[in-house]
Amino acid sequence: MMQQIVSLLLPLFICSVEAFTSSTNTCTSRILGIQSMSSMSKADELREKAAQIRREIAGLEGKSVQEVEQEAREKKEQADEYTNSQQNKEDSDKSSLRNNNMRVP
């Protein structure tokens with residue numbers, strides 16, 4: 001049970017850390033032209049926390065940290081692919097609706 005919960009939450013946590021660090025760094029760079037110390041320390045804290053969680057998961061699952069990280073990357077890629085395919089489908093549906101509405105019966 002714990003392994004299933006960890007397997008589900010790890011990719012989300014990694015995605016959150018990656019999203020936080022990339023958006024924070026981008027915003028800071030655009031506004032200040034440099035990265036502020038406070039955003040870097042927050043990002044560093046989150047990275048360390050993520051690394052600690054990956055070590056704990058690896059220990060619980062009897063795997064190496066590298067294996068856990070690879071699994072998380074694969075799950076994130078699958079989730080991204082699904083999200084992209086759903087977005088493409090929605091865009092296609094909207095385009096079809098627009099085209100159908102423009103036709104005069």
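What you see is a predicted model; the values in this text were computed from it and never measured.

Observations concerning the overall build of the chain
Then comes step 1: A tally of regular secondary structure across the chain gives three helices and zero strands.
Then comes step 2: The burial tally for the chain puts 18% of its 105 residues in the buried class.
Then comes step 3: Considering only contacts within the chain whose residues lie at least 6 apart along the sequence, 50% involve residues at least 24 apart.
Then comes step 4: As displayed, the chain offers around 8,000 Å² of accessible surface, 56% of which is attributable to carbon and sulfur atoms.

Comments concerning the pattern of salt bridges
Then comes step 1: Under the defined criterion, the tally for this structure stands at seven salt bridges.
Then comes step 2: Across the salt bridge formed by Asp-44 and Arg-47, the nearest N and O atoms sit 2.9 Å from each other. Pair noted here: Asp-44 and Arg-47 are both in helix α2 (residues 37–61), with a separation of three residues, about one helical turn.
Then comes step 3: The partner of Arg-54 in a salt bridge is Glu-69, with the nearest N and O atoms 3.0 Å apart. Separated by 15 residues along the polypeptide, Arg-54 in helix α2 and Glu-69 in helix α3 (residues 65–102) bring together distant segments of the chain.
Then comes step 4: Using a relative accessible area of 15% as the deciding quantity, one classes Arg-54 as buried.
Then comes step 5: Overlapping salt bridges, with partners in common, bring together Glu-61, Lys-63 and Glu-71 in one network.

Here we look at the confidence of the model for the chain
Then comes step 1: Residues at a pLDDT of 70 or more form 60% of the chain, whose mean pLDDT is 77.
Then comes step 2: Here helix α1 (residues 2–32) stands out as the least confident element of the chain, with mean pLDDT 57; α2 is the most confident, with 89.

Each value, and the rule that gives it
- Residue numbers here run from 1 along each chain, matching the order of that chain's written sequence.
- Local features in this predicted model are restricted to residues whose pLDDT is 70 or higher, and side-chain atom pairs enter the listing and the counts only when it is 80 or higher, whereas totals over whole chains, interfaces and linings include all residues.
- Hydrogens and water are ignored here; the side-chain numbers use all heavy atoms of the structure.
- Strands are runs of DSSP state E lasting at least 2 residues, helices are runs of H or I lasting at least 4, and numbering of each runs from the N terminus.
- Each residue is assigned to one of three classes by its accessible area relative to the maximum for its type, calculated with a 1.4 Å probe on protein chains only: buried under 20%, partly exposed between the two thresholds, exposed over 50%.
- It only takes one pair of heavy atoms within 4.5 Å for two residues to be counted as in contact.
- The protein chains shown are the only cover counted for residues, whose accessible areas, like all others here, come from Shrake-Rupley with a 1.4 Å probe.
- Salt bridge, as used here, is a side-chain nitrogen of Lys or Arg placed within 4 Å of a carboxyl oxygen of Asp or Glu.
- The quantity called pLDDT is the predictor's confidence in a given residue, expressed from 0 to 100.

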